[in-house]
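Structural characterization, general
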Amino acid sequence: MTEKRIEFEDIEPVSLFGTNDIYINMIENRFKAGIIVRGSSLILKGDENEIEKIEKILNEMNYMLKRNKTLTESDVKTVIDLIDNKPKGSESHSARFMNQIIFQGVKDAIRVRNAKQHDYFKLVQQNDLVFAIGPAGTGKTFLAVAMALASLRNNEVTRIILSRPAVEAGESLGFLPGDLQEKIDPYLRPLMDALHFMISVEKVKSLIEKNVIEITPLAYMRGRTLSNSFIILDEAQNATATQMKMFLTRLGPNSKAIVTGDITQIDLPHHAISGLKEAQRLLKDIDDIGFIYFDNRDVVRHKLVAEIIKAYENDIAKRETTENNREK
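Below is a summary of the structure that appears in this document. (Residues numbered from 1 in each chain as written. Predicted model: local features only at pLDDT ≥ 70, side-chain atom pairs only at ≥ 80, totals over all residues. Heavy atoms only, no water.)

Re the sheet that holds strand β9 (residues 229-233)
On the basis of which strands lie adjacent, the open sheet formed by 6 strands has the order β8-β7-β9-β10-β6-β11 and parallel pairing. Across the chains shown, the open sheet's two edge strands, defined by having one partner strand only, are β8 (213-217) and β11 (289-293). For this sheet, the mean inter-axis angle between neighbouring strands, taken without regard to orientation, is 15°. Sheet topology note: the β9/strand β10 (residues 256-261) ladder contains 4 bridges and is parallel. (Pairing = 2+ DSSP bridges. Helix = DSSP H or I, 4+ residues; strand = E, 2+ residues; numbered from the N terminus. Axes fitted to C-alpha atoms, helices over the stretch in contact; angles between N-to-C directions.)

Here's what the structure looks like:
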């Protein structure tokens, strides 16, 4: 049994420990060690290895609070997960990377939220083409838009092109009301929502009018060469193999592209080959092309999203096992 006292100076205890010590309770729920609150100090009692982890968690929380002026339950959970699951000797892979600001938006700074997002950010910095594959809620598209805006602000590119295949959950453009623009808008709305979170509505409108930001269906990109651009293809699992090849061959000098998608949510007609799955198979060994895979553990939306994804993944695994057993 080890006992250690930790003093925190120049902090408001409720900001670091949480209302009614909720952040401390979150830490205690993960470990067997006990934590006793005494004003702005803590007394840790328990296994030496656990005490060491808890002290690191508290130090990271204190660092984030001083840096960001705020601390949330989501921040604390992420720090706990990172440090508790971190392999021994990986001290350099600190939770402090969460303070890496990708883009300073009008509503808030867009930051890395977990280890996988950090790897994603680094991969995009190192490669001109990155495939980000995984379920909804992991930040694939949101961070891609933030990275594109950062590149534009830093004069690394002169325009941003955001694209999606116009294939969604059983609907087709012809059955939607309105003119062509009105038909297209629902498909591109998630990209617009991300932009509006990061820059003002007026700024978005101005950049679109100047053709600095272009939001277009994938089919409209045929025959173009995209130079000095940051290009994002979202929902790429719904691009056909032909469309994916067309998109990837649009890249011109000084351009960077991110392709995002979820291969478990393909809405293409039956027997149509997903361009994302084919690209995953054909391009995985090519230098300067990065692949990163997210799963339900990387979800940063409401915690229920992760549970829903996990439930569906478990059901798919059970059905596949049943089918394999039948074939045998």
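On we go from here.
Here we look at the packing of aromatic side chains
In this structure the tally under the stated criterion is 5 aromatic pairs. Taken together, a centroid distance of 6.4 Å and an interplanar angle of 15° make the contact between Phe 291 and Tyr 293 stacked. Among the aromatic side chains, those forming a connected cluster through ring pairs are Phe 131, Phe 291 and Tyr 293. (Phe/Tyr/Trp six-rings, centres within 6.5 Å; stacked < 30°, edge-to-face > 60°.)

What about the pairing of strand β6 (residues 129-133)?
Each regular strand carries side chains that alternate between the two faces of the sheet. Among the 5 residues of β6, 5 are classified as buried, and the element is accordingly described as predominantly covered. In β6, alternate side chains face the same way, and those of Leu 129, Phe 131 and Ile 133 on one face and Val 130 and Ala 132 on the other are all buried. Pairing of β6 with β10 involves 5 bridges; the strand directions are parallel. From the neighbouring strand, Ile 133 faces β10, where its bridge partner is Gly 261. In this structure, β6 lies alongside β11, joined through 5 bridges in parallel fashion. Across the sheet, the residue bridging to Leu 129 is Ile 289, located in β11. (Buried < 20%, exposed > 50% of the residue type's maximum accessible area, 1.4 Å probe, protein only.)

Honestly, it's all geometry; don't read function into it.
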